[in-house]
Amino acid sequence: MPRPPLDDVALEALAQRFPTPFYLYDAAGMVRAARRLIDAFAWAPGFREYFAVKATPTPAILALLAAAGCGMDCSSAAELELVRRLAITGESVMFSSNMTPVAEFQAAAALGAIINLDHPDLLAGLVAACGVPTTLCLRYNPGAERQGNRIIGDPAESKFGATRDQLLQGYRHAAALGVRRFGLHAMLASNERDPAYFVATARMLFALAHEIRRACGVTLSFINLGGGIGIPYRPDEAPVDLAALGAAIRDAWEQQIAGTDLAGLTLALECGRVITGPHGWLVTRVRHVKHTYRHYAGVDATMADLMRPGMYAAYHHITLVNPGERGAPRPVDVVGSLCENNDKFAIQRPLPPLQPGDLLLIHDAGAHGRAMGFNYNGKLRAAEYLLAADGAVHCIRRAETLDDLFATVCWPAAAPG
Ligand SMILES: *Cc1c(COP(=O)(O)O)cnc(C)c1O
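None of these values were measured; they are calculated from a predicted model.

Rules used in this analysis
Residues numbered from 1 in each chain as written. Predicted model: local features only at pLDDT ≥ 70, side-chain atom pairs only at ≥ 80, totals over all residues. Heavy atoms only, no water. Helix = DSSP H or I, 4+ residues; strand = E, 2+ residues; numbered from the N terminus. Buried < 20%, exposed > 50% of the residue type's maximum accessible area, 1.4 Å probe, protein only. Contact = heavy atoms within 4.5 Å. Near = heavy atom within 4 Å. Polar contact = N/O pair within 3.5 Å; in protein donor to acceptor, adjacent residues only side chain to side chain. Areas by Shrake-Rupley, 256 points an atom, 1.4 Å probe, with all protein chains shown as cover. Nonpolar A, V, L, I, M, F, W, Y, C, P; charged D, E, K, R; others polar. Lys, Arg positive; Asp, Glu negative; His and termini not counted. Salt bridge = Lys/Arg side-chain N within 4 Å of Asp/Glu carboxyl O. Pairing = 2+ DSSP bridges. Axes fitted to C-alpha atoms, helices over the stretch in contact; angles between N-to-C directions.

## Notes on the overall build of the protein chain
In step 1: The helix and strand inventory of the protein chain stands at 12 helices and 17 strands.
In step 2: Projected onto its principal axes, the C-alpha positions of the protein chain cover 70 × 60 × 45 Å.
In step 3: Residue burial in the protein chain is summarised as follows: out of 417 residues, 53% are buried.
In step 4: Taking all contacts inside the protein chain whose residues are at least 6 apart in sequence as the whole, residues at least 24 apart take part in 69%.

## A short note on the site of the ligand
In step 1: Around the ligand sit 13 residues, and of these Lys54, Gly228, Glu270, Arg273 and His368 come closest.
In step 2: In this structure, Lys54 approaches the ligand through a side-chain N or O atom, which is 2.6 Å from an oxygen atom.
In step 3: Contacts to the ligand include Arg273, whose backbone N or O atom sits 2.8 Å from an oxygen atom.
In step 4: Against a free-state accessible area of 380 Å², the protein chains account for coverage of 90% of the ligand.
In step 5: Per-class residue counts for the shell around the ligand are 3 nonpolar, 5 polar and 5 charged.

## Concerning the side chain of Asp343
In step 1: Mapped onto the secondary structure, Asp343 falls in the loop between β13 (330–335) and β14 (344–351).
In step 2: Look at Asp343: it is buried, it has no salt bridge, and the nearest opposite charge is Lys379 at 6.9 Å.
In step 3: Apart from the residues lying within four places of it in its own chain, the contact partners of Asp343 are Thr302, Met303, Val335, Gly336, Ser337 and Leu338.

## As for the pattern of salt bridges
In step 1: For the coordinates displayed, the defined rule picks out 16 salt bridges.
In step 2: The closest approach of N and O atoms between Glu81 and Arg84, which form a salt bridge, is 2.9 Å. Of this pair, Glu81 and Arg84 both sit in helix α4 (residues 77–85), 3 residues apart, which is roughly one turn of the helix.
In step 3: For Glu81, a relative accessible area of 28% gives the class partly exposed.
In step 4: A relative accessible area of 46% means that Arg84 is categorised as partly exposed.
In step 5: The partner of Asp333 in a salt bridge is Arg294, and the shortest N-O contact between them spans 2.7 Å. Of the two residues, Asp333 sits in strand β13 while Arg294 sits in the loop between β10 (280–291) and β11 (295–299), which places them 39 residues apart along the sequence.
In step 6: Residue Arg294 is classed as partly exposed on the basis of its relative accessible area of 32%.
In step 7: A network of salt bridges, in which partner residues are shared, links Glu81, Arg84 and Arg85.

## Regarding unusual backbone geometry
In step 1: In this chain, Thr20 is followed by Pro21 through a cis amide linkage whose omega measures -5°.
In step 2: Turning to its location among the elements, Pro21 is positioned in the loop between α1 (8–17) and β1 (22–26).
In step 3: Unlike most non-glycine residues, Asn191 shows phi in positive territory, near 50°.
In step 4: Of note, Asn191 is situated in the loop between β7 (181–185) and α8 (195–216).
In step 5: Not every positive phi belongs to a glycine, and Asn322 is a case in point at roughly 50°.
In step 6: Of note, Asn322 is situated in the loop between β12 (318–320) and β13.
In step 7: For Asn322, a relative accessible area of 35% gives the class partly exposed.

## Considering the sheet that holds strand β6 (residues 135–139)
In step 1: Pairing in this closed barrel of 8 strands is parallel, and the strands run β2-β3-β4-β5-β6-β7-β8-β9 around the ring. Taken pair by pair, the neighbouring strands of this sheet meet at an average axis angle of 25°, ignoring direction.
In step 2: In this sheet, strand β4 (residues 93–96) lies alongside strand β3 (residues 71–74) in parallel orientation, the contact comprising 3 bridges. Bridged to Cys74 within β4 is Phe95.

What is shown is where atoms sit, not what they do.
Laid out in structure tokens, this is it:
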């Protein structure tokens, strides 16, 4: 897991300048990760990575990734509006939603985004509201044919996508309505570090593309292999070798697609985590230490800033900035101040004995970190800072204030204010 490209003295100076907790992102690291992914598919003409906006929905970061060559994958009205305000439009935007309100289809259509339908049943509502789209993508759920993983669950238990028969029916129906270009999408695993999983998905979708052509007379224009490429959250885990992953998918392509009627199709991915995850840190300070039946270090961030540990028991590495001379590491629970006992960033984690004022880095928080934040217990969501390639640190989102928190309240008339 990367460290910020700053030494401990510079980190402490930063935390003196900006109140903790805050998120810090490394622009150069994110751009390098995006380029590595895009380069791994340089063999595939027209390849596109649509960055999953939900992972890190911060405009400065989206703009950086767009400049590095990424399209954007949106899943809600807010995410569509974000990319619209960044002037990212047309087929640089993919809209992959589920249980979609018609108004969001209208927003996506207004942008000219590629609409990825979670299920063909949504087609009638889409057509009624927006007319027949020129391009349409459908999302496949293979059910018992594939296993998923811990975060996303097995496909057969997943709410996403359509069955094979529904999918084939959907392509026939859409073709009859006048849709001209078609895509196929599946997203079956999350935070998966086994390249073989993605190769198996690619092989399954390549075979399905031929079946769609045979059964429906529809020749796909693109296949979106989804996101979900994992990152090493634990120090003993290895990153996915993206170049090797790209090469293995190329082998499948050579065997199943090259030289066939489908040779014109293009590939896409919609990864979030592998691009921004390792290049963001939640920077937090120890407020109190407590020794009861265990050692506790209470920090100024909470699960409302980073809910992955509390929600999925996810591991996030934690390091102490400026450790100096300390005793031997001993197990400690690193906890926030929510009135919930799952507000723990680490449980029985061996760390050097901590004391109030210590500065901690919670690693690999760049994706699905602040984005999943919430306001329970009236916790105010943290600021975000971007370390630019030239070493300057820019505020890219200020911290919330109590006025922000209360902005939506309708106070009783008698409230003294
Ligand atoms: C969340 C999500 C992604 C991104 O997942 P990562 O694990 O961040 O790569 C991509 N596509 C869909 C449909 C998603 O729901």
